[in-house]
Amino acid sequence: MRYYGSVYRPPSEARSLIVQVTYGCSHNTCAFCSMYKEKRFSVRPLEEVLEDFQMARQVYRRVEKVFLADGDALVRKAAELYTILDTVRELFPECRQVTSYASPASIRIRTEEELRALREKGLTMVYMGLESGSDQVLTLMHKGHPASEIIEMGQKVRNCGIALSVTAITGLGGQPLLERHALDTAAAFNAMNPEYIGLLTLMVEPETPLYDWVRGGTFQLLTQSQVLEETRLLVEHLDSPGSVFRMNHASNYLVLRGTLNQDKAAMLAEIQRAERDLTRLRPESWRGL
């Protein structure tokens, strides 16, 4: 396969065929994010995309999952996305899942008819970063969209039959916004009721504005105890029946998993056990992205 620059994918796509249909991220100004900094956003020539799928068919005997990279696959023209999905279906009849990242901006430019057509042609799920349900946190982190717009776009995806996986980041509001971040993020998840909820824990990456804020003392990171407090507050206020909840990323201090709302009490009990015994947490040196 031919890749340009660093390639990122969700943890659950570890065994997927990854093909870049766009390069980079069209927003790429989030204060906490160090991804895609070495390349400018662009749409990859369609011929090259289709050639990569042809090459993959020559190499791999079986491809059950495909991930369309980089950060904004949905910004391509609808007709080109249809061609890409038709090609996947023709070359890999065994493929059962095609996914991509999606931003609120890239979802907004797609009509509901286009989204339904994408689903019919095989786009099964998109991953969207909420990061926080708090407008204060989103503004601070230069997310580029208010919570209401992110929620609206998540609902639009679900209404068109495409599964939705949404992530947020504990600690993203720092100490002053701990409570607001937790409560508003839970409310945003509840409003979208996505198939999957993912919770990461903030890690500060060099060469980001957040890194400079932390070094300069203008952003106060949460302690481990405060991360647990914020997580408990968020989970307490989750009401998203059927959502699969995962907090098992390498960045997390504590591993939690379950299905809402049925496993909520068990997850809260696990958080409370960790609050009483911090040795249950992943050591700082073991965390990663």
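Above: the structure in question.
Reading guide: rules and limits
Residues numbered from 1 in each chain as written. Predicted model: local features only at pLDDT ≥ 70, side-chain atom pairs only at ≥ 80, totals over all residues. Heavy atoms only, no water. Core = buried A, V, L, I, M, F, W, Y, C linked by side-chain atoms within 4.5 Å. Buried < 20%, exposed > 50% of the residue type's maximum accessible area, 1.4 Å probe, protein only. Helix = DSSP H or I, 4+ residues; strand = E, 2+ residues; numbered from the N terminus. Contact = heavy atoms within 4.5 Å. Salt bridge = Lys/Arg side-chain N within 4 Å of Asp/Glu carboxyl O. Phe/Tyr/Trp six-rings, centres within 6.5 Å; stacked < 30°, edge-to-face > 60°. Expected span 1.5 Å × (residues − 1). Arc of directions from axis to C-beta. Pairing = 2+ DSSP bridges.

Peer 1: Tell me about the nonpolar core, and name the residues and values.
Peer 2: Counting 66 residues, the largest nonpolar core has F53, V66, F92, L238 and F245 as its most contacted members. Per-element tally for this core: the top contributor is helix 7 (residues 178–192), with seven residues. Not counting residues up to four positions away in its chain, the partners in contact with L238 are A186, F189, N190, I197, F245, L260, N261 and K264. Membership of the second largest hydrophobic core comes to twelve residues, among which are A31, F32, L172 and L210.

Peer 1: Summarise the pattern of salt bridges; cite the residues concerned and give the values.
Peer 2: What the rule picks out here adds up to 23 salt bridges. Between D86 and K121 there is a salt bridge; the shortest N-O distance is 3.1 Å. Here D86, found in helix 2 (residues 78–91), pairs with K121, found in the loop between helix 4 (112–120) and strand 6 (123–131); they are 35 residues apart in sequence, far enough to count as distant. Under the relative-accessibility criterion, D86 is labelled buried at 18%.

Peer 1: Describe in detail the packing of aromatic side chains, supporting the description with residues and values.
Peer 2: Centre distance and the angle of the planes are the two values used to describe a pair of aromatic rings. A full pass over the atoms with the stated rule returns six aromatic pairs. Their ring planes at 85° and their centres at 5.1 Å tell us that Y8 and Y36 sit as a pair that is edge-to-face. Of this pair, Y8 sits in the segment before strand 1 (17–20) while Y36 sits in the loop between strand 2 (22–23) and strand 3 (42–43), and the two are 28 residues apart along the sequence. Classification of Y8 by relative accessible area gives partly exposed; the value is 24%. Residue class for Y36 comes out buried when judged on its relative accessible area of 3%. Ring geometry for F53 and F92: centres 6.4 Å apart, planes at 65°, overall edge-to-face. Placement of F53 in helix 1 (residues 46–59) and of F92 in the loop between helix 2 and strand 5 (97–101) is noted, with a sequence separation of 39 residues between them.

Peer 1: Now, about the side chain of T231: what can you tell me, with residues and values included?
Peer 2: As for its position among the elements, T231 is in helix 9 (residues 224–236). With relative accessibility at 2%, the residue T231 sits in the buried group.

Peer 1: Break down helix 10 (residues 264–276) for me, with residues and values.
Peer 2: In this model helix 10 runs 19 Å from its N-terminal to its C-terminal C-alpha over 13 residues, within 8% of the 18 Å that 1.5 Å per residue would give. All of the buried residues in helix 10 are K264, M267, L268, E270, I271 and A274. Relative to the axis of helix 10, the buried residues are bounded by an arc of 155° and lie together on one face. With respect to the buried face of helix 10, the exposed residues turned more than 90 degrees away are A265 and R276. In this fold, the buried residues of helix 10 make contact with helix 9, strand 9 (244–247) and strand 10 (256–259).

Peer 1: Which residues make up the environment of L199, and what values do they have?
Peer 2: Relative to the assigned elements, L199 resides in strand 8 (residues 196–201). Residue class for L199 comes out buried when judged on its relative accessible area of 1%. Along the backbone, L199 and S103 are 96 residues apart, and their C-alpha atoms lie at a distance of 17 Å. Aside from chain neighbours lying at most four places away, what touches L199 is A168, T170, T231, L234, F245, R246, M247 and N252.

Peer 1: Tell me about helix 2, and please be specific about residues and values.
Peer 2: End to end, helix 2 covers 20 Å across 14 residues, agreeing with the expected 20 Å (1.5 Å per residue, within 8%). Those residues of helix 2 that fall on the buried side of the exposure criterion are A78, L81, I84, L85, D86, T87, V88 and L91. For helix 2, the elements touching its buried residues are helix 1, strand 4 (65–69), strand 5, helix 4 and strand 6.

Peer 1: Explain the pairing of strand 7 (residues 163–170) residue by residue, including any values.
Peer 2: For a regular strand, the rule is simple: side chains alternate between the two faces of the sheet. Within strand 7, seven of the eight residues are buried, which leaves the element mostly enclosed by the surrounding structure. With six bridges joining them, strand 6 and strand 7 adopt parallel strand pairing. Within strand 7, the position partnered with V126 by the bridge is L164. Across six bridges, strand 7 lies against strand 8 in parallel orientation. By the bridge assignment for strand 8, S165 is matched with Y196.

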